[in-house]
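# A structural walkthrough
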Protein chains: 2
Amino acid sequence: MTENHDDTAGMTEAELARHSEKMAKKKQAREKIMATKTDEKGLVIVHTGKGKGKSTAGFGMIFRHIAHKKPCAVVQFIKGAWQTGERDLIEAHFSDLCQFYTLGEGFTWETQDRARDVAMAQTAWEKAKELIRDERNSMVLLDEINIALRYDYIDVNDVVDFLRTEKPYMTHVVLTGRNAKEELIEIADLATEMELLKHPFRSGIKAQQGVEY
Amino acid sequence: MTENHDDTAGMTEAELARHSEKMAKKKQAREKIMATKTDEKGLVIVHTGKGKGKSTAGFGMIFRHIAHKKPCAVVQFIKGAWQTGERDLIEAHFSDLCQFYTLGEGFTWETQDRARDVAMAQTAWEKAKELIRDERNSMVLLDEINIALRYDYIDVNDVVDFLRTEKPYMTHVVLTGRNAKEELIEIADLATEMELLKHPFRSGIKAQQGVEY
């Protein structure tokens, strides 16, 4: 214990009362705001930026859906050979709730055949559309689709048009990957930029099981 | 299919060759960098910022640990009554791999008793230290600890000292919550700022199951 933890012990009655009052006001303000938030709708959610956590937070929402027993699906556009932990876990325990398709094949720079990359990305996008159209799915995660969009393996206008016109009203679609296109962020309901403050690769630490994959 | 997808079809032999060469160079450069990253060590990981995904990505890493059958633990400092999905899922399926303690009680502004908040945060921090000291745990997630630090319910110097001197070398510790203190970011190996680009609450959409909780 340090001094800080005894703050309240050192507080006068008046200070304690002010603290309680401040907290009560905060609570009131929050409740007032939350009362105006009454709608539910399926969201277009984008995770982008150079920082960590884009895919990880996407999978975190998928696990939340699984926790609430809501059917969901994942299409991995790029990281075929990389992030297998989530897939193994979902396939072993929750395959009744979550469909999982890995259609990309390693990072794009590991394939040197643009025609094959384009074909693979298109196949993944066709599967994504099928899963989103199926109203039983409450959430569909399109993991690393932004990389396929960035290289124009898929046309961003196709994706934007589809999400605008064909996505069922209550379905959440999560799109991850750095360099999200402006057109996509424009139609997103929720967009987060994961910004890199510090990265251990800079000090010679390699990718580790349970952290990066 | 739009024109974009036929890019390669329209490419000349020379263009295709250039594309392949460029990708091969990228791959080489990446492999050269990765070869220098040889160390493994337990990381101090901070997720902060006003955007979404701080806790969600933290839980995503916990699920990765579970997927790799690595023992891990979670201490929730604040969100007692809020994020129960992950806890339910972990307790129902993975309690052998992941210990889960919820010691906070709702957001701080829902309690109006600073002494009780401080006592609760201190209890959570004692539990956190115990879990981190136990070398069987490969990762310990301190969810929303930054909020307790920000209100000085816990002294940041205590946390920094402990992580520096007592954290086992191979243990990962993940600390989440907005307004991470500078002292904490300074000692972090990996720090990410989740920045809000767009938020649906602004357009009257409420917190939804499977997304926010």
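Residues numbered from 1 in each chain as written. Chains lettered and ligands numbered in written order. Predicted model: local features only at pLDDT ≥ 70, side-chain atom pairs only at ≥ 80, totals over all residues. Heavy atoms only, no water.

Chain A has the name Corrinoid adenosyltransferase in an unreviewed UniProt entry, where Shinella sumterensis is given as its organism. Check the Sequence similarities (unreviewed entry) section of the UniProt entry for chain A; it says "Belongs to the Cob(I)alamin adenosyltransferase family." The UniProt entry for chain A carries the following comment under Function (unreviewed entry): "Required for both de novo synthesis of the corrin ring for the assimilation of exogenous corrinoids. Participates in the adenosylation of a variety of incomplete and complete corrinoids." (UniProt positions renumbered as here; feature names shortened; annotations may be inferred.)

Looking now at the overall build of chain A. Within chain A, the regular secondary structure consists of eight helices and six strands. Going from the N terminus to the C terminus, chain A shows its helices and strands as α-α-β-α-β-α-β-α-β-α-α-β-α-β. Counting all 213 residues of chain A, 55% fall into the buried class. The long-range fraction of contacts in chain A, counting pairs at least 24 apart against all pairs at least 6 apart in sequence, stands at 80%. When the accessible area of chain A is evaluated, it comes to approximately 9200 Å², of which 47% is carbon and sulfur surface. (Helix = DSSP H or I, 4+ residues; strand = E, 2+ residues; numbered from the N terminus. Buried < 20%, exposed > 50% of the residue type's maximum accessible area, 1.4 Å probe, protein only. Contact = heavy atoms within 4.5 Å. Areas by Shrake-Rupley, 256 points an atom, 1.4 Å probe, with all protein chains shown as cover.)

Further remarks concern the packing of aromatic side chains. Under the definition given, this model contains eight aromatic pairs over all chains. Judged by centre distance (6.0 Å) and plane angle (85°), the rings of Phe94 of chain A and Phe94 of chain B are edge-to-face. Here Phe94 of chain A is found in the loop between α4 (85–93) and β3 (98–102), whereas its partner Phe94 of chain B is found in the loop between α4 (85–93) and β3 (98–102) on a different chain. Each member of the pair, Phe94 of chain A as well as Phe94 of chain B, is classed as buried. Considering the side-chain rings of Trp125 of chain A and Phe162 of chain A, the 5.5 Å spacing of their centres and the 80° angle between planes classify their relative orientation as edge-to-face. (Phe/Tyr/Trp six-rings, centres within 6.5 Å; stacked < 30°, edge-to-face > 60°.)

Moving on, we get to the confidence of the model for chain A. Detailed conclusions should not be drawn from predicted coordinates in areas where pLDDT is low. The share of residues in chain A with pLDDT of 70 or more is 84%, and the mean pLDDT across the chain is 85. Note on residues 1–7 of chain A: pLDDT is under 50 here. Beyond four places in sequence and across chains, it has 15 contacts. (pLDDT = per-residue confidence, 0-100.)

Right, let's get into the environment of Ala119 of chain B. Relative to the elements of secondary structure, Ala119 of chain B occurs in helix α5 (residues 114–133). It is 9.9 Å that separates the C-alpha atoms of Ala119 of chain B and Gly104 of chain B, two residues lying 15 residues apart in sequence.

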